[in-house]
Amino acid sequence: MSADAGRPARGGAPLEPPRLSLSPAWRRRLAAIGWGIVSLGLFAGVWEALWFLGMLNPLLLPPPHMFLADIPGTLQFFDRSNRIGSVATGGGVGALLFTMASTTLRVVIGLSLGFSCGVAVGAAIHYVKLLRNLLLPTILMLAPISPVAWLPVAIFVFGIGDVPAIFLVFITVFFAIVLSTGAQIESVPKNYIHVARIMGATQRQTFWKVILPSILPSLFMTLRLNLFAAWMVVLIAETVGVGTGLGQITSMARSTFNAKLVFFTMAIIGLLGFLSDFALRQVQRKMLWWIAPNQGGAR
Amino acid sequence: MSRPAVSIQSVSKRWTPEGRAPVQALKDLSFDVEPGEFIVLLGPSGCGKSTLLYMIAGLEEVSGGTIACDGEPVTEPSAERGLIFQEASLFPWLTIADNVAFGLSVQHVQPVRRREIAIEMLKRVGLGDMLDKKPDELSGGMRQRAACARALAMRPKVLMMDEPFAALDVQTRARMQDFLLQIWRDSGASILLVTHSIDEAISLADRVVVFTARPGQVKTIVPIDLPRPRQSRDPRYHAYRDMFAELLADEVDRAFAEQEAV
Ligand SMILES: Nc1ncnc2c1ncn2[C@@H]1O[C@H](COP(=O)(O)OP(=O)(O)OP(=O)(O)O)[C@@H](O)[C@H]1O
Ligand SMILES: [Mg+2]
């Protein structure tokens, strides 16, 4: 990409309407946003129409205008001291943000730990034959187990709290990254390694300066593919009473048949999932600047 | 005369790949490369030319015999012996300048000095205005020049090239050969270049080492006694071309006959 791709093109007649001076990059971005709005609008529209025609029970499937209308009322349920069965009292925007932040933080910590430990273990397994023989069979056996199945284990070991939720997210990415790291190191072009050796690089320099950058794009792709799964498991972990978090709210909403709250929380979760994917893409663009956009992690 | 830049004595190489029959790639191979000499290696496919370069570079071990550079036996890779591959193999995550400075960064040269050297080398290969480009923004010929600059930045005494221009089109190839001769004169390094092209061999070499079919041995060593720049219209040039064509045809026939016998 040229350096000025993000900026509106300068120059041109000063009387030109500003719309015409948008650079192609901005035009593409606006188009994407536009289509996003249309797509969501269509979805909400169909839902609203079904309700309007009396085909939906608003108590069970309240259309968007209903669960978004009474936001202050809904926000009461985000009170930090809220538990299933208690009467909604405090809450408010602050509490909502706190809840969102708790869940997001668990996802972020779990992903970061899972990614870095995964790369470390994957590389160790690749380079140390003894470790490979000792660990690989077990890892291959544990990898296909759904992270959700780990939930009881996590609670037995870590008790109730933040840790089981973080652990579940960790598990979601860890095995995928371990296996992918080994496979990717295997497929680093031999000539890259030859060049490093000829230039006198030590094993350690070769790993940090050649192997890691060359496998990073694919690892990032693996991370992104597992991001949504991470959001799914964190909610499940939170239903078991971590005390805070969107999963806990959904669970409470379900037990109290509060359909508005269910859908409001679902909307928030969807938004967060979308934003975190967007954020990860931005990180990817910054860190993996040499990969053309849309090329993903492909090599 | 001083010590040879590279001395290859009775070198043999037997590949023993896991789960497959061993391959005798080179057998009892001997020749010397003088300092500043331009050697071209010519031979049928599979006769072990690449294998020889890898062993001189120190990336592979010999199975028998010795390789010495400047009198020192080769035991491991060294920046004094640069190797350039058919694909430029630039690191896509580094800019061109950083690619050229890679070897210097590995050896902990200060960043400012590194950049100075990279700029100097890139100017020398005619890429002075490509410093901060990504490798995939360059054409194939430019990438190969950047790979040259990367090797030259280490001031090698021996520069090895494994079919460096094979992937380029004919016009670019001719320009790259001129460029290479200039680099060679400027740097004073000895060059060992592998090619399949008889014309490339005659245009570039001081001496051409012709290999036999596998197991590779020296069939003959032909000094090219033509003044540079060499003209393909020169009748002596044609004589060389015919000679090499005949030498190679023999070996290619032998290689095929052997394959059919197996
Ligand atoms: N890493 C390796 N493991 C096993 N055998 C190998 C290896 N590298 C090369 N060989 C074998 O050694 C022989 C010589 O290979 P080499 O690549 O050196 O030939 P070459 O002269 O460079 O051929 P070409 O002109 O096709 O590049 C071949 O039979 C090849 O199969
Ligand atoms: Mg070869």
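Everything quoted here is computed from the prediction, not taken from an experiment.

Okay, the site of ligand 1 next. All names here are of chain B. Inspection of the region around ligand 1 gives 14 residues, with Ser45, Gly46, Ser50, Thr51 and Arg214 positioned closest. At 2.8 Å, a side-chain N or O of Lys49 approaches an oxygen atom of ligand 1. Here an oxygen atom of ligand 1 sits 3.3 Å away from a polar atom, N or O, in the side chain of Glu163. Considering ligand 1 on its own, with 630 Å² of exposed area, one finds that the protein chains cover 68% of that surface. Elements supplying a minimum of two residues to the shell around ligand 1: β2 (23–33) and α1 (49–57). Here the residues of the shell around ligand 1 sort into 5 nonpolar, 6 polar and 3 charged.

Moving on to empty space enclosed by the protein. One pass over the full model with this rule turns up 3 cavities of 30 Å³ or more. A volume near 100 Å³ is recorded for the largest cavity. Around the largest cavity, the lining comprises 13 residues; the ones closest to its centre are Met199(A), Leu83(B), Ile84(B), Arg150(B) and Ala151(B). Across the lining of the largest cavity, the residue classes tally to 11 nonpolar, 1 polar and 1 charged.

This part is about the interface of chain A and chain B. If you look at the interface, chain A gives 17 residues, while chain B gives 28 residues. Summing both partners gives a buried area of about 2,100 Å² for chain A against chain B, and 67% of it is carried by carbon and sulfur. For the interface between chain A and chain B, the tally reads 0 salt bridges. Across the chain A-chain B interface, the total number found is 8 residue pairs in polar contact (both at pLDDT 80 or more). Contributions of two or more residues to the side of chain A that touches chain B are made by α8 (190–198) and α9 (203–225) of chain A. At 7 residues, α8(A) tops the list of elements feeding residues into the side of chain A that touches chain B. Taken together, the residues that form the side of chain A that touches chain B break down as 10 nonpolar, 5 polar and 2 charged.

Before going further, it helps to spend a moment on the layout of surface pockets. Where empty space is left in the structure can be found by rolling a water-sized probe over the atoms. Residues and elements named next belong to chain A. The volume enclosed by the second largest pocket comes to roughly 570 Å³. Lining the second largest pocket we find 20 residues, and of these Tyr127, Ile193, Gln203, Thr206 and Ile211 sit closest to its centre. When contributions to the lining of the second largest pocket are tallied by element, the ones reaching two or more residues are α4 (93–127), α7 (162–186), α8 and α9. The biggest single contributor to the lining of the second largest pocket is α9, with 6 residues. Partitioned by chemical class, the residues of the lining of the second largest pocket number 9 nonpolar, 6 polar and 5 charged.

Calculation criteria
Residues numbered from 1 in each chain as written. Chains lettered and ligands numbered in written order. Predicted model: local features only at pLDDT ≥ 70, side-chain atom pairs only at ≥ 80, totals over all residues. Heavy atoms only, no water. Near = heavy atom within 4 Å. Polar contact = N/O pair within 3.5 Å; in protein donor to acceptor, adjacent residues only side chain to side chain. Areas by Shrake-Rupley, 256 points an atom, 1.4 Å probe, with all protein chains shown as cover. Helix = DSSP H or I, 4+ residues; strand = E, 2+ residues; numbered from the N terminus. Nonpolar A, V, L, I, M, F, W, Y, C, P; charged D, E, K, R; others polar. 1 Å grid on protein atoms, 1.4 Å probe; cavity = no way out; pocket = protein on both sides within 12 Å on 5 of 7 lines; lining within 4 Å. Points joined across faces, edges and corners; volume = space filled by probe spheres on them. Contact = heavy atoms within 4.5 Å. Buried area = accessible area lost by both parts, 1.4 Å probe. Salt bridge = Lys/Arg side-chain N within 4 Å of Asp/Glu carboxyl O.

Spatial relationships are all this shows, so hold off on functional conclusions.
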